[in-house]
Amino acid sequence: MDILKVLSRGTKKSAKTSLAGGSAVGKLPSSGTKTNPQLFHDEVRGHKRKRNVEEAENKTPEALPEVDFFAPKDVVAESKPAKSELNKSKRAASPVVEAAKLLSADECRQLLRSHRLKVTLLYKREEQHKVKKSKKKKAVVEVKKDKKPQLFPQPLESFGQLRSTYNLSRRVAENLSYQGYRMPTEVQMGSMPLLIRPEVALKGEEGLERGVDLLAVAPTGSGKTISFLVPTINNIMRRRAQEKLHGIHELEAIVIVPTRELAYQTVNVGNQLVKGTGIKVVGMRKGMVLAAESQDIGEDSSDEEEDKAEESDGDDDEEEENDGKPKVVSKVDILITTPLLLLNFLTSGSSSTQKVLPTVRDLILDEADVLLDPLFREQTLGIWTACSNSDLRLSFWSATMGSNIETLVNERLTSRAESLGIPQRPLVRLVVGLKDTAVPNIVHRLIYTASEQGKLLALRQLLRPTSSIDSGPPLRPPFLVFTQTIDRATALQEELKYDIPLEAGGSSRIAALHSGLPDAARAAIMRKFRAGEIWVLITTDVLARGVDFAGVNGVLNYDVPGSSAAYVHRAGRTGRAGREGGIAVTFYTKEDIPFVKTVANVIAESEKQAGKTGEEAGVQKWLLDALPNVGKDDRKKLKERGVESRRSGNKAKITSKSGYERRKEHNRKGAIEGSKKRKMEVDDDNDTGNGKGDGEWGGFED
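Just so you know, these numbers come straight off a predicted model, no measurement behind them.

1. Details of the overall build of the protein chain
- Across its full length, the protein chain carries 23 helices and 21 strands.
- Counting only residues that meet the buried cut, the protein chain has 44% of its 702 residues in that class.
- Considering only intrachain contacts with a sequence separation of at least 6, the fraction spanning at least 24 residues in the protein chain is 81%.
- In the form shown here, the protein chain has an accessible surface area of approximately 37800 Å², with 50% of it arising from carbon and sulfur atoms.

2. A few points about the environment of Leu-290
- Structurally, Leu-290 can be placed in the loop between strand 7 (281-283) and strand 8 (293-296).
- Its relative accessible area of 3% is what places Leu-290 among the buried residues.
- Along the backbone, Leu-290 and Ser-330 are 40 residues apart, and their C-alpha atoms lie at a distance of 5.7 Å.
- Contacts of Leu-290, omitting those with residues within four sequence positions, involve Leu-251, Met-284, Val-329, Val-332, Leu-335, Leu-342 and Phe-345.

3. Considerations on the sheet that holds strand 13 (residues 362-366)
- A sheet is described by the order of its strands in space; here nine strands give the open sequence 4-1-15-5-14-13-6-11-7, paired in mixed fashion. The outermost strands of the open sheet, each flanked by one partner alone, are strand 4 (150-151) and strand 7.
- Relative to strand 11 (residues 334-337), strand 6 (residues 253-256) is paired through four bridges, and the arrangement is parallel. Each residue of the ladder has a partner; that of Ile-256, found in strand 11, is Thr-337.
- Its contacts with the sheet put helix 12 (residues 339-347) on strand 6 and strand 11, and the angle it makes with strand 11 is roughly 115°.
- Packed on one face of the sheet, helix 14 (residues 377-386) meets strand 6, strand 13 and strand 14 (393-398) and runs near 165° to strand 13.

4. A closer look at empty space enclosed by the protein
- Scanning the model with the defined rule gives five cavities of 30 Å³ or more in all.
- Within this model, the largest cavity holds a volume of roughly 110 Å³.
- Lining the largest cavity are 13 residues; nearest its centre among them are Asp-213, Leu-392, Arg-416, Ile-422 and Arg-425.
- The element that contributes the greatest number of residues to the lining of the largest cavity is helix 15 (residues 403-420), accounting for three residues.
- Its residues assigned to classes, the lining of the largest cavity shows six nonpolar, three polar and four charged.

5. What to know about unusual backbone geometry
- Following Pro-477, the chain continues into Pro-478 via a peptide bond in cis, with omega recorded as 0°.
- On the secondary structure map, Pro-478 appears in the loop between helix 16 (452-463) and strand 17 (479-482).
- Of note in this structure, Arg-116 is not a glycine but carries a positive phi near 55°.
- Residue Arg-116 is classed as buried on the basis of its relative accessible area, which comes to 16%.
- In this model, Asn-167 sits at a positive phi of 60°, which is unusual for a non-glycine residue.
- Residue position: Asn-167 is located in the loop between helix 5 (161-164) and helix 6 (170-178).
- Looking at Asn-167, the relative accessible area reads 48%, which means it is partly exposed.

6. Some words on the sheet that holds strand 18 (residues 510-513)
- Taking strand neighbours across the sheet as the criterion, the six strands line up as 16-21-20-17-19-18 in an open arrangement whose pairing is parallel. Strands at the two margins of the open sheet, each flanked by one partner only, are strand 16 (443-450) and strand 18. Across the sheet, the mean angle separating the axes of adjacent strands is 20° when strand polarity is ignored.
- As judged from the four bridges shared by strand 18 and strand 19 (residues 536-539), these two strands associate in the parallel manner. Bridge pairing in strand 19 links Ala-512 to Ile-538.
- Packing of helix 17 (residues 486-496) onto the sheet brings it into contact with strand 17, strand 18 and strand 19, and relative to strand 18 it is tilted by some 175°.

7. Here's the deal with the nonpolar core
- Membership of the largest hydrophobic core comes to 52 residues, with the highest contact counts inside it found for Leu-162 and Ile-334.
- Not counting residues within four places of it along the chain, the set of residues in contact with Ile-334 comprises Thr-232, Ile-233, Ile-236, Ala-253, Val-255, Ile-279, Lys-280, Val-281 and Val-282.

8. Side note on the packing of aromatic side chains
- As enumerated under the stated definition, the model contains six aromatic pairs in all.
- Summarising the aromatic geometry, the rings of Phe-228 and Trp-397 are spaced 5.6 Å apart at their centres and angled 55° between planes, so their arrangement reads as tilted. Of this pair, Phe-228 sits in helix 9 (residues 224-242) while Trp-397 is found in strand 14, placing the two residues 169 residues apart along the sequence.
- When the ring of Trp-384 is compared with that of Phe-396, the centres are 5.8 Å apart and the planes differ by 50°; the resulting orientation is tilted. Highlighted residues: Trp-384 in helix 14 and Phe-396 in strand 14, separated in sequence by 12 residues.
- Taking relative accessible area as the criterion, Trp-384 reaches 2% and is therefore assigned buried.
- The cationic tip of Arg-109 hangs over the ring face of Phe-152; the distance from NZ or CZ to the ring centre is 4.5 Å.
- The ring of Trp-384 carries the charged tip of Arg-412 above its face, separated from the ring centre by 5.4 Å.

9. Here we look at the side chain of Glu-252
- Assignment of secondary structure puts Glu-252 in the loop between helix 9 and strand 6.
- Note on Glu-252: relative accessible area 3%, which makes it buried.
- Residues in contact with Glu-252, not counting those within four places in the same chain, are Ile-236, Arg-239, Arg-240, Asp-333, Thr-359, Val-360, Arg-361 and Asp-362.

10. Remarks on the pattern of salt bridges
- A complete count under the given rule lists 35 salt bridges for this structure.
- A salt bridge links Arg-109 to Asp-106, with the nearest nitrogen and oxygen atoms 3.9 Å apart. With Arg-109 and Asp-106 both in helix 4 (residues 105-114), this residue pair falls three residues apart, about one helical turn.
- Given a relative accessible area of 28%, Arg-109 falls into the partly exposed group.

11. Examining helix 18 (residues 519-531)
- Its 13 residues place the ends of helix 18 18 Å apart at the C-alpha level, agreeing with the 18 Å of an ideal helix rising 1.5 Å per residue.
- Arg-522, Ile-525, Met-526 and Phe-529 are the residues of helix 18 that are buried. End-on, the buried residues of helix 18 take up no more than an arc of 100°, which puts them together on one face. Along helix 18, exposed side chains directed more than 90 degrees from the buried face belong to Ala-520, Arg-527 and Ala-531.
- Of the surrounding elements, those touching the buried residues of helix 18 are helix 10 (260-273), strand 17, strand 18 and strand 19.
- Positive phi appears at Gly-532, one or two residues downstream of helix 18, with a value of about 85°.

Parameters and conventions
- Residues numbered from 1 in each chain as written.
- Predicted model: local features only at pLDDT ≥ 70, side-chain atom pairs only at ≥ 80, totals over all residues.
- Heavy atoms only, no water.
- Helix = DSSP H or I, 4+ residues; strand = E, 2+ residues; numbered from the N terminus.
- Buried < 20%, exposed > 50% of the residue type's maximum accessible area, 1.4 Å probe, protein only.
- Contact = heavy atoms within 4.5 Å.
- Areas by Shrake-Rupley, 256 points an atom, 1.4 Å probe, with all protein chains shown as cover.
- Pairing = 2+ DSSP bridges.
- Axes fitted to C-alpha atoms, helices over the stretch in contact; angles between N-to-C directions.
- 1 Å grid on protein atoms, 1.4 Å probe; cavity = no way out; pocket = protein on both sides within 12 Å on 5 of 7 lines; lining within 4 Å.
- Points joined across faces, edges and corners; volume = space filled by probe spheres on them.
- Nonpolar A, V, L, I, M, F, W, Y, C, P; charged D, E, K, R; others polar.
- Core = buried A, V, L, I, M, F, W, Y, C linked by side-chain atoms within 4.5 Å.
- Phe/Tyr/Trp six-rings, centres within 6.5 Å; stacked < 30°, edge-to-face > 60°.
- Lys NZ or Arg CZ within 6 Å of the ring centre and 35° of its normal.
- Salt bridge = Lys/Arg side-chain N within 4 Å of Asp/Glu carboxyl O.
- Expected span 1.5 Å × (residues − 1).
- Arc of directions from axis to C-beta.

Written as structure tokens, this is what we have:
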């Protein structure tokens, strides 16, 4: 059986079972769909979804307003209430403080299981050796790993409990209420009690005097940023209140993120939470100076040299540069940074010394799996080593976390505790839902396009959908398009910039964002996309992680993701905070067939978690059976390089022109260049033929 015939088999569905979920008009994130903070709420026994079933049956669906995305720019949509009125309504709401209460062990167990929360205490992997004798009387050593115990901490049922049960700062609680936080998501339900007051959340457990280190795995868009910022801010305020330190700024927490866009976003969220607290949340900039101490790298350094190094760096307010001008030390309490920016500061200066940050008590790795991947590992571990405080607390956050990352974290924590001579803080792992799967509230689709030109045709059909509901997924702007390389992103923008009519905005509605652009251009594109001025944003994996777009209706993987984790994070740019109506579409061609099963398996597991079976599923069983398995070496190459055929050659071209037309145009350009070159050679011969370069007549020759 020809695999191409199987993969291109028609799967046309009737209007009753359309891709929109059975109705011609479905809810879209951009239309103001209500958030569903808690993605899971199963029965205690079994895994049947029952959330809001009765309400959905009794409530008639509301039709979306007709929005013409290709209307002229000056057409104004529905009028929105004035911003001042919204602010007044938000400020009027005050946090509701609930009575302090703790659930029983059985109630905690039932509630955690119903929300698919699994909390595990990760011990050091101790090896137990058992010796068996074979027939040849040779000793065989078997290694048995310790079983990791499961914990059932107190879950956070509402944000009102943060004040009563966990003694959260009143000002931080008011800021949370002002921002509209009422019901916690699953990751907030499980992590915030552990980070704010672990002795209350895990009452009866020993060894929690110094708190816990946390490794959290939760779906994209589930509120992980709030989960680590609120406990960090509260811990700083609590310590300063106890020590009666007011008006003093000291670097106490560092949040490391992989991209600048995510750093800016985290700074904005942090600034909303620290209003009125006196705490400063700052993003790291090039050339910024932090309050750090210097240590001699040499092994035989004396105490006097160390004292001199400390004295030379002991100025709290300014540091001398090479040009003699003083540079003011930035006043920062919580620093948000990418790895390289902070590491450049720590390694700047004399080669015989290194800077350390002894005041840092919280180190947070957002998107920890990529920060500890070989791409960023050395930079991240360098910052980790520079945080020399013995009371340093670490937390690791991501939607995907491999077992190799867990092993690395555990080994580093153990070696750090041994080198400092302190007891190791307990490492707790929190997993929400099924590990390493996409969010269950969006629709996933795999579309076979055969070739690169087929991709362009399919994308244009998505930009200009026909009246038939079965012509393709209901992907409506604004949406993101992911490509494999920067060159392909810019080429796709050039190809599509005239596809939107001028009266609807034309080429200004489509933009490309990648790491090759300057910071100002990237920030401007992000601002316009959030404001709705850009409808189609073409990008690389620079926007695949962490960036929050509340109103993105869909994600298009123009090029197949390089790994299952890449697909999870790309698809997670839509369906944020449980919003329904988002869709993730993946195009694949003949060149992608050896690799596409990695993505298909993730989609199948995600839809199984969401309870979608049969025709509702985006990946059918016959497709999974037909696709070839991906080998370990192929997965590694795909993750590092992507599909090799798209990096060079004619197959990497994004264009609607045929091969014949491209060759004809290439030959025409070559002929023109050759003609210009010959003309220049003739002109040079005429100018220098008589030995004079000035063009003047040199007289008659003999």
